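A look at the structure
The lines below spell out each chain.
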Amino acid sequence: MELFNSSYNKQKDHLLNSGKKNYYKSLFETSHIAYALRSLHGHEMLEVNNRFVEMFGYERNEIVGKSGYFIKRERDDIHFHRQYQKLKKGEISSFTSMEYFYKKCGTGFWGEIKRSVFQRDSESFLLASISDVTKQVNSEIAKVHSESKYRQLFENSFDGIAIFDASSNNCIDCNQQFLKIYECSRAEAIGKRPWEFVWNFNERKDEIFQVFHIHKNKVLNNEKLKFESVHETAHGVKIFVEIALIPVKLEEINLIIQVVRDITEKRITEMAIKQQVKALDKKNEELKQYISSNLALENFAYITSHDLREPIRTIVSFSQILLEKSKEKLNNEEQEYLDFIVNAGKNLNDLIQDILTYSRFQTEKVNMNMIPLEYLLLNIIQQLDQQLKAQNGKIKIAKNIPEFINGNKTYLYQLFQNLIKNALKFKKEDSDPVVELLYQDKGNYHLFGVRDNGIGIKKEYFDKIFLLFRRLHDKQKYTGTGLGLSICKKVVEVHKGEIWLESEEGEGTTFWFTLAK
């Protein structure tokens with residue numbers, strides 16, 4: 001060790017022993033750059049400055065005289081050894097590398113290290129200068145990460161994005177969705193001008209150029225634009241697109257970002273809806289004509305239906321007599337035929353009765369009187385007593401219901417009876433029916449409601465259920481002629497009121513109607 005120290009001191013004195021020794025020594029020690037000095041052909045550290053000691057956290061005596069390899073680092077060893085060999089052979093005078101160093105405490109930092117060779121008294125020395133560039137490196141890494149992140153956003157956007165150079169109008173970049181929309185490769189898209197994507201461009205050049213220049217001038221004046229257009233793919237397929245144009249200035253270059261959204265499916269759907277609306281308008285017109293014709297036929301229906309009742313009653317009666325007297329002589333199939341005739345006759349009789357009821361609204365003069373409402377409702381409940389017991393049903397009447405209302409007793413009886421019977425009929429299979437009669441005094445008119453806890457009605461049927469013969473359910477499961485609610489609507493209209501409903505499928509229904517006072 002003494003021999004080594006003696007050799008080291010001689011080399012050090014030999015290097016620094018000059019007229020300006022103290023001056024350069026001061027510069028060496030006070031520099032903000034870390035310096036280390038060693039022999040070109042040896043590994044021992046001859047000297048380090050204060051910044052080096054501070055940078056690595058070792059004491060000076062832990063560094064000087066030790067091999068430089070005790071400082072842990074990460075670097076490209078292949079590149080380092082190749083350059084170092086060139087340095088030793090005199091092929092280069094210096095080289096710079098980026099290495100990751102570890103301090104004594106274990107923390108690390110990025111260092112830019114420059115190794116230079118100089119001669120002194122026929123001996124070669126290696127001077128290494130190290131600058132801490134961790135902030136710069138981290139900044140570059142963050143920049144790369146940021147660019148990578150935004151590139152990922154660019155490439156993975158659900159919208160097509162293309163970037164155009166405003167001076168040449170050429171497409172200089174685009175994402176995958178843009179290529180997918182236009183069914184082309186990147187090579188086919190790059191270099192294209194915006195108007196080359198427009199449908200039928202060759203036949204509408206003047207018009208398209210005019211629109212393009214208007215849009216471009218607005219965008220270059222920092223105005224963002226959004227509009228719809230018709231474009232075509234590389235395969236000549238017509239597509240509907242929504243375009244957004246955004247101005248961007250990158251250094252001295254003006255760019256225009258074009259964001260494209262394919263709305264072809266949306267437009268096709270809209271056109272289909274328009275066609276459906278047009279068809280519905282036609283159907284509505286036909287319905288109006290049908291209603292007008294139907295009203296003209298109501299008097300005829302009243303007369304003919306009245307005359308039909310007698311032969312139907314005859315058919316039913318004789319079928320029942322035949323079934324009773326010949327029951328033992330008939331086989332099962334023949335008995336089923338007679339049962340079918342009887343049931344069909346009864347259903348037809350009910351239908352004729354409802355038609356007669358409906359027709360009377362046009363043929364009879366309606367007499368209005370003060371009607372004891374509670375008494376009328378109790379009569380309906382009493383008439384439905386057997387049905388309520390069979391279904392374990394309940395009917396609740398609002399306490400504030402008026403004692404008297406002005407109207408036609410027969411019609412009002414029909415109105416409340418139909419609505420209550422409907423509420424009991426369309427009950428849920430797993431619950432007992434509960435019907436509530438609601439009331440509100442609205443000044444010039446009464447507002448009644450009949451609410452149930454039944455199966456409910458889909459909203460799409462709200463406007464249809466008051467039409468003649470309109471049925472929403474299988475008549476095998478829910479009996480009826482399809483005229484009950486049409487009759488209710490007529491009764492309400494005769495009393496200068498309106499009727500509507502609120503319902504959700506599976507959550508019950510409330511029929512509201514008004515009656516003039």
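Nothing here was measured: the structure is a model prediction, and the numbers come from that model.

Thresholds, definitions, all that
Residues numbered from 1 in each chain as written. Predicted model: local features only at pLDDT ≥ 70, side-chain atom pairs only at ≥ 80, totals over all residues. Heavy atoms only, no water. Helix = DSSP H or I, 4+ residues; strand = E, 2+ residues; numbered from the N terminus. Contact = heavy atoms within 4.5 Å. Areas by Shrake-Rupley, 256 points an atom, 1.4 Å probe, with all protein chains shown as cover. Axes fitted to C-alpha atoms, helices over the stretch in contact; angles between N-to-C directions. Parallel < 35°, antiparallel > 145°, perpendicular 65-115°, else oblique. Left-handed = near helix turned anticlockwise from the far one by under 90°. Buried < 20%, exposed > 50% of the residue type's maximum accessible area, 1.4 Å probe, protein only. Patch = residues over 30% accessible without salt bridge, like charges linked within 9 Å, V, L, I, M, F, W, Y side chains within 5 Å. Salt bridge = Lys/Arg side-chain N within 4 Å of Asp/Glu carboxyl O. Pairing = 2+ DSSP bridges. Nonpolar A, V, L, I, M, F, W, Y, C, P; charged D, E, K, R; others polar. Phe/Tyr/Trp six-rings, centres within 6.5 Å; stacked < 30°, edge-to-face > 60°. Lys NZ or Arg CZ within 6 Å of the ring centre and 35° of its normal. pLDDT = per-residue confidence, 0-100. Core = buried A, V, L, I, M, F, W, Y, C linked by side-chain atoms within 4.5 Å.

Helix and strand counts for the chain come out as 14 helices and 18 strands. Look at the contacts in the chain between residues 6 or more apart in sequence, and 54% of them connect residues 24 or more apart. Summing over all exposed atoms, the chain offers an accessible surface of approximately 32300 Å²; the carbon and sulfur share of this is 51%.

All right, on to the packing of helix 11 (residues 373-383) against helix 13 (residues 409-425) then. In contact at an axis separation of 10 Å, helix 11 and helix 13 are set at 50° when each is read in the N-to-C sense. In terms of their interaxial angle, helix 11 and helix 13 are classed as oblique. Viewed along their axes, helix 11 and helix 13 form a crossing whose handedness is right-handed. The residues of helix 13 that touch helix 11, namely those facing Leu373, Leu376, Leu377, Asn379, Ile380 and Gln383, are Lys409, Leu412, Tyr413, Phe416, Gln417 and Ile420.

Take helix 14 (residues 484-494) next. Among all positions of helix 14, only Leu485, Ser486, Ile487, Cys488, Lys490, Val491 and Val492 are buried. Positioned one or two residues after helix 14, Lys496 has a phi angle of 60°, which is positive.

This next bit is on a nonpolar patch on the surface. A grouping of Ile315, Phe340 and Ile341 is seen on the molecular surface, where their side chains present a nonpolar patch of about 310 Å² in accessible area. Tracing the backbone shows Ile315 in helix 9 (residues 264-325). A residue is classified by how much of its surface remains accessible, and Ile315, at 47% relative accessible area, is partly exposed.

A few words on the sheet that holds strand 13 (residues 394-397). Reading across from one edge, 13-15-16-18-17 is the order of the five strands in this open sheet, with mixed pairing throughout. A single partner strand is all that each edge strand has here, and the edge strands are strand 13 and strand 17 (499-503). Across the sheet, the mean angle separating the axes of adjacent strands is 15° when strand polarity is ignored. Here strand 16 (residues 445-452) runs beside strand 18 (residues 509-516); their pairing, made up of seven bridges, is antiparallel. Following the sheet pairing, His446 is matched in strand 18 by Leu515.

Glancing now at the packing of helix 13 against helix 14. Relative to each other, helix 13 and helix 14 sit at 140°, their axes nearing to 9 Å. The orientation of helix 13 with respect to helix 14, classified from their angle, is oblique. Our pair here, helix 13 against helix 14, has a crossing hand that is left-handed. Residues Tyr411, Leu412, Gln414, Leu415, Asn418, Leu419 and Asn422 of helix 13 form the contact with helix 14, whose participating residues are Gly484, Leu485, Ile487, Cys488, Val491, Val492 and Val494. When its residues are assigned to classes, the contact of helix 13 with helix 14 shows 10 nonpolar, four polar and no charged.

In total, this model carries 16 salt bridges according to the counting rule given. Here Glu47 and Arg60 are joined by a salt bridge, their closest N and O atoms 3.3 Å apart. Residue Glu47 is located in strand 2 (residues 45-48), and its partner Arg60 is located in the loop between helix 3 (50-56) and strand 3 (73-74); the two are separated by 13 residues in the primary sequence. Residue classification places Arg60 among the partly exposed residues on the basis of a relative accessible area of 27%. Note that Arg193 and Glu196 form a salt bridge whose closest N and O atoms lie 2.8 Å from each other. With relative accessibility at 30%, the residue Glu196 sits in the partly exposed group. Salt bridges linked by common partners bring Arg73, Glu99 and Arg115 together as one network.

Taken as a whole and judged by the stated rule, the model has 19 aromatic pairs. Ring centres of Tyr100 and Tyr102 lie 5.4 Å apart, and the angle between their planes is 80°; this geometry places the pair in the edge-to-face category. A relative accessible area of 22% means that Tyr100 is categorised as partly exposed. Ring geometry for Trp195 versus Phe212: centroids 4.9 Å apart, planes at 80°, classification edge-to-face. Here Phe212 lies in helix 8 (residues 205-220) and Trp195 lies in the loop between helix 7 (186-189) and helix 8, a separation of 17 residues in the sequence. For the pair formed by Trp195 and Phe212, the shared burial category is buried. Linked through ring pairs, Phe52, Phe56, Phe101 and Phe109 together constitute an aromatic cluster. A cation over a ring is seen here: Lys192 above Phe197, with NZ or CZ 5.0 Å from the ring centre.

What follows is about the pairing of strand 17. Burial along strand 17 is one-sided: Ile499, Leu501 and Ser503 are buried, and none of Trp500 and Glu502, which face the opposite way, are. Bridging between strand 17 and strand 18 involves five bridges; their strand directions are antiparallel. Its bridge partner lying in strand 18, Ile499 is registered against Phe513. What sits between the antiparallel neighbours strand 17 and strand 18 is a turn of five residues, in which Gly506 has the positive phi angle 85°.

It is worth spelling out the confidence of the model for the chain at this point. When pLDDT is averaged along the chain, the result is 81; 81% of the residues meet or exceed 70. Confidence, expressed as mean pLDDT per element, reaches its minimum in the chain at helix 1 (residues 2-16) with 48 and its maximum at strand 16 with 95. Predicted confidence is poor over residues 1-8, with pLDDT under 50, and the contacts of this stretch with residues over four places away or in other chains come to five contacts. pLDDT under 50 marks residues 468-478. Its contacts with residues more than four places away, or in other chains, come to 29 contacts.

Take the nonpolar core next. Leu415, Phe416, Leu419, Phe448, Phe511 and Phe513 are the most contacted members of the largest nonpolar core, which has 38 residues in total. Looking at this core, the elements that each hand over two or more residues are helix 11, helix 13, strand 15 (434-441), strand 16, helix 14, strand 17 and strand 18. Phe416 has contacts with Leu373, Leu376, Leu377, Ile380, Phe448 and Phe513, leaving out every residue within four places of it along the chain. In terms of nonpolar packing, the next biggest core, distinct from the first, is built from 20 residues, Phe178, Cys184, Ala189 and Leu225 among them.

Next up on the list: unusual backbone geometry. One non-glycine residue with positive phi stands out, namely Asn169, at about 70°. When you line up the elements, Asn169 lands in the loop between strand 7 (160-165) and strand 8 (171-174). Taking relative accessible area as the criterion, Asn169 reaches 13% and is therefore assigned buried. Residue Asn222 is not a glycine yet carries a positive backbone phi of 65°. Within the secondary structure, Asn222 sits in the loop between helix 8 and strand 9 (225-232).

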